Amino acid sequence: MAESKDKKPYAEEYAINPGDFSAIGEASTKFKATLAMLGVPSDVVRRASIVAYEAEMNVLIHGGGGKIQLVVYPGSIELTASDKGPGIPDVQKAMQEGYSTATDDIRELGFGAGMGLPNIKRNSDAMSLETEVGEGTVLTAIINFTR
Amino acid sequence: MNLTEVARILRAEVIWGDEFLDSVDVTHAYGADLMSDVLAFARPGTLLITGLTNIQIVRTAQMLDLPAVLFVRGKKPQDSAVALSKEVRLPMLVSPMSMFEACGLLFQNGIHPCTVPVREG
C-alpha cells in the first residue's frame, strides 16, 4: 500500500528508569494498548508485546535503564530499546538459549533464564543488535504484519 | 474446562475473579517459575501455573493474553500483583498442591501442554 510521503508513522517512547524493577512491563503494557487501539492484528500485537517486554527487561537488568521506542508503519512495527550500559562483550553467547549474566535478585523475580534475546529473535522478522563494551546497546526489532 | 472446574480439581482458593470462573475456559496449561520460558512457550489461552507471586507474573500473563494464573504450593500473590490483576481482569487462584501434582491432575483431566519446539544442535 502506497502511503503519502509526508505522513509520519506513529511513534511512542518511554524512559526506563534504573533500579525500578516493579515497573518492568509498564512501557510494554502501554505499547500493547496502543497497538490494539490502532487495529493491529492480535497475533502481531502479541509478538510485539513479547519483544517489547523482553527488551524492556534487558534495558533495566543489563543496561541500567534507558529508553524504548515504538514506531508503527503501515505494514510493520519497529521497536528500539537503547541503553548506555556496559554493552555485550560476546553477542553470540548472549544469543544462546540459556546463557544469562543476570544476578540472583533478578532470578528470584523469575527472569534471567537466558531466553530474552532468543525470544526477541523468534518473535521478530528482523533484529539487529548494536553494542559496544563500555558504551551501551541498541536493539532494533521489526515485526511485520504478515510473516 | 472452565476455571470453576480447575478450582474444584485443584482444591484452589479464588483470590480474585470469582465472577469470571464459569466463563473462562482453558484448554492448555504451562507450569513454570521462569517467566522468560513462559514468554517463549505459552500460547494464547493458556492457564499459567507458577510458584512466583510478584507483579511480573501478572504482566507476563497480560503480554501473552493468558486468561488466568494459578499459584501452587499455597503461595499467595503479593498485594501489588493482586491489585494489577484486578485492573487488567486476570483471575487468580491458589492451590495447596505442588506444581507436579497440580499439573498432573490437570493433564489427567484433559488439559493440553503447550508445544516446546525441539532444540537445534
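Residues numbered from 1 in each chain as written. Chains lettered and ligands numbered in written order. Predicted model: local features only at pLDDT ≥ 70, side-chain atom pairs only at ≥ 80, totals over all residues.

Helix and strand content of chain B: five helices and six strands. Reading the helices (α) and strands (β) of chain B from amino to carboxyl end gives α-β-β-α-β-α-β-α-β-α-β. A compact globule built from 121 residues would reach a C-alpha radius of gyration of about 14 Å, and chain B, at 13 Å, matches this within 12%. C-alpha atoms of chain B, sized along the principal axes, occupy 45 × 30 × 25 Å. Expressed as a percentage of the 121 residues in chain B, the buried residues total 45%. Looking at chain B alone, contacts between residues at least 24 apart form 54% of all its contacts between residues at least 6 apart. (Helix = DSSP H or I, 4+ residues; strand = E, 2+ residues; numbered from the N terminus. Rg over C-alpha atoms; globule rule 2.2 N^0.38 Å. Buried ≥ 20, exposed ≤ 12 C-beta atoms within 10 Å, placed from the backbone. Contact = placed C-beta atoms within 7 Å.)

All names here are of chain A. Here we have five strands laid out as an open sheet, ordered E1-E2-E3-E5-E4, and antiparallel in their pairing. Either end of the sheet is taken by a strand with one partner, and the two such strands are strand E1 (10-16) and strand E4 (126-132). Between one strand axis and the next, the sheet turns through 10° on average, direction left out of account. Of the pairings in the sheet, the one linking E1 to strand E2 (residues 66-72) comprises seven bridges and is antiparallel in character. When the bridges of E2 are listed, Tyr14 appears paired with Ile68. Along the sheet face, helix H2 (residues 42-61) touches E1, E2, strand E3 (76-83) and strand E5 (136-144) and points at about 5° away from the line of E3. (Pairing = 2+ DSSP bridges. Axes fitted to C-alpha atoms, helices over the stretch in contact; angles between N-to-C directions.)

Residue and element names in this part refer to chain A. The N-to-C vectors of helix H1 (residues 26-37) and H2 enclose an angle of 160°; their axes lie 9 Å apart at closest approach. Comparing the axis directions of H1 and H2 gives the class roughly antiparallel. Handedness of the H1/H2 crossing: right-handed. Listed contacts from H2 to Ala27, Ser28, Phe31, Lys32, Leu35 and Ala36 of H1 are Val45, Ala48, Ser49, Ala52, Tyr53 and Glu56. By residue class, the composition of the contact of H1 with H2 is eight nonpolar, two polar and two charged. (Parallel < 35°, antiparallel > 145°, perpendicular 65-115°, else oblique. Left-handed = near helix turned anticlockwise from the far one by under 90°. Nonpolar A, V, L, I, M, F, W, Y, C, P; charged D, E, K, R; others polar.)

The subject of this paragraph is the pairing of strand E4 (residues 68-71) of chain B. Residues and elements named next belong to chain B. The alternating pattern of E4 places Ala68 and Leu70 on one face and Val69 and Phe71 on the opposite face, and all of these are buried. Two strands pair when backbone bridges link them, and strand E3 (residues 46-50) and E4 are joined in this way by four bridges, in the parallel orientation. By the bridge assignment for E4, Ile49 is matched with Leu70. Crossover E3 to E4 through helix H3 (residues 55-63) is right-handed. (Right-handed = clockwise from strand over helix to strand, strands pointing away.)

Reading across from one edge, E1-E5-E4-E3-E2-E6 (chain B) is the order of the six strands in this open sheet, with mixed pairing throughout. Single-partner strands in this sheet number two, and they are strand E1 (13-16) and strand E6 (112-113) of chain B.

Turning next to the packing of H3 of chain B against helix H4 (residues 79-88) of chain B. Residue and element names in this part refer to chain B. Relative to each other, H3 and H4 sit at 25°, their axes nearing to 7 Å. In terms of their interaxial angle, H3 and H4 are classed as roughly parallel. Residues Ile55, Ile57, Val58 and Gln62 of H3 lie in contact with H4, whose contacting residues are Ser80, Ala81, Leu84, Ser85 and Val88. Across the contact of H3 with H4, the residue classes break down as six nonpolar, three polar and no charged.

Right, let's talk about the interface of chain A and chain B for a bit. When the parts come together, some accessible area is lost, and that loss is often what is quoted as the size of the interface. Between chain A and chain B, the contact holds 18 residues from the first and 18 residues from the second. Broken down by secondary-structure element, the contributors of at least two residues to the side of chain A that touches chain B are H1, H2 and helix H5 (116-123) of chain A. Ranked by residues supplied to the side of chain A that touches chain B, first place goes to H2 of chain A with five residues. Residues belonging to the side of chain A that touches chain B are distributed by class as follows: seven nonpolar, eight polar and three charged.

Per-residue confidence for chain B gives a mean pLDDT of 95; residues scoring 70 or more make up 98%. Our summary of model confidence lists the complex with pTM equal to 0.89 and ipTM equal to 0.84. (pLDDT = per-residue confidence, 0-100.)

For the rest of this paragraph, the subject is unusual backbone geometry. Residue and element names in this part refer to chain B. We note that Asp65 has phi near 60°; this positive angle belongs to a residue other than glycine. Mapping Asp65 onto the fold places it in the loop between H3 and E4. Of the residues examined, Asp65 has 17 C-beta atoms within 10 Å and is grouped as partly exposed. If you check the backbone angles, Arg73 has positive phi at about 60° while not being a glycine. Along the chain, the position of Arg73 falls in the loop between E4 and H4. Residue Arg73 is classed as partly exposed on the basis of its C-beta count, with 14 C-beta atoms lying within 10 Å.

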